[in-house]
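# Working through the structure, step by step
Chain by chain, the residues:
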Amino acid sequence: MPALRSSSRRVRKKSIAVPKGVPDDIVRKLEAGIAEGLRNPEYLTGSPGDEPVIAFMPGAEWQKRLDDMSEALRPFAEQMRASEQK
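Our subject in this report is the structure included herewith.

Rules used throughout
- Residues numbered from 1 in each chain as written.
- Predicted model: local features only at pLDDT ≥ 70, side-chain atom pairs only at ≥ 80, totals over all residues.
- Heavy atoms only, no water.
- Helix = DSSP H or I, 4+ residues; strand = E, 2+ residues; numbered from the N terminus.
- Contact = heavy atoms within 4.5 Å.
- Areas by Shrake-Rupley, 256 points an atom, 1.4 Å probe, with all protein chains shown as cover.
- Expected span 1.5 Å × (residues − 1).
- Bend = angle between axes of the 7 residues up to and from the residue.
- Buried < 20%, exposed > 50% of the residue type's maximum accessible area, 1.4 Å probe, protein only.
- Lys, Arg positive; Asp, Glu negative; His and termini not counted.
- Salt bridge = Lys/Arg side-chain N within 4 Å of Asp/Glu carboxyl O.
- Polar contact = N/O pair within 3.5 Å; in protein donor to acceptor, adjacent residues only side chain to side chain.

## Some details on the overall build of the chain
Scanning the chain for helices and strands turns up three helices and three strands. Reading the chain from its N terminus to its C terminus gives the helix and strand order β-β-α-α-β-α. Counting only contacts in the chain whose residues sit at least 6 apart along the sequence, the fraction spanning at least 24 positions is 56%. Carbon together with sulfur atoms contributes 55% to the accessible area of the chain, which is approximately 6,800 Å² in total.

In structure tokens form, the structure reads like this:
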């Protein structure tokens, strides 16, 4: 599912997920509705300071980003575990 991002001083990421097995057409409708809501002027004006950085990322793209971040951080986690065992 999609990721919602907004920030005023630091980046905050919000994810919305659905259970496995939810039909693709339902997921697409949810993604479209969330993306549309994030473009709604009333929503944007209700988020002062955040408007320039409010963004939407579809679920598949967000999952790839999460997977890439996990892979990039894996060596650090392994190094930390090794240090703890010494």
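From this point on, the discussion continues.
## Quick notes on helix α3 (residues 59-84)
Taking 1.5 Å of rise per residue, 26 residues should cover 38 Å, and α3 covers 35 Å from first to last C-alpha, within 8% of that figure. Roughly 40 degrees is the biggest bend found in α3, and it falls at leucine 73, with proline proline 75 one to four residues downstream.

## Structural notes on the side chain of glutamate 31
For glutamate 31, the location among the structural elements is in helix α1 (residues 24-39). For the buried glutamate 31, which has no salt bridge, the nearest side chain bearing the opposite charge is arginine 28, at an N-O separation of 7.3 Å. A distance of 2.7 Å separates a polar side-chain atom of glutamate 31 from the backbone nitrogen of glycine 59.

## Looking at the pattern of salt bridges
One pass over the structure, following the stated rule, counts two salt bridges. As a salt-bridge pair, lysine 64 and aspartate 68 come within 2.9 Å of each other at their nearest N and O atoms. Taken together, the residues span about one helical turn, with lysine 64 and aspartate 68 both in helix α3 at a distance of four residues. Classification of aspartate 68 as partly exposed rests on a relative accessible area of 42%.

Just distances and angles here, no functional claims.
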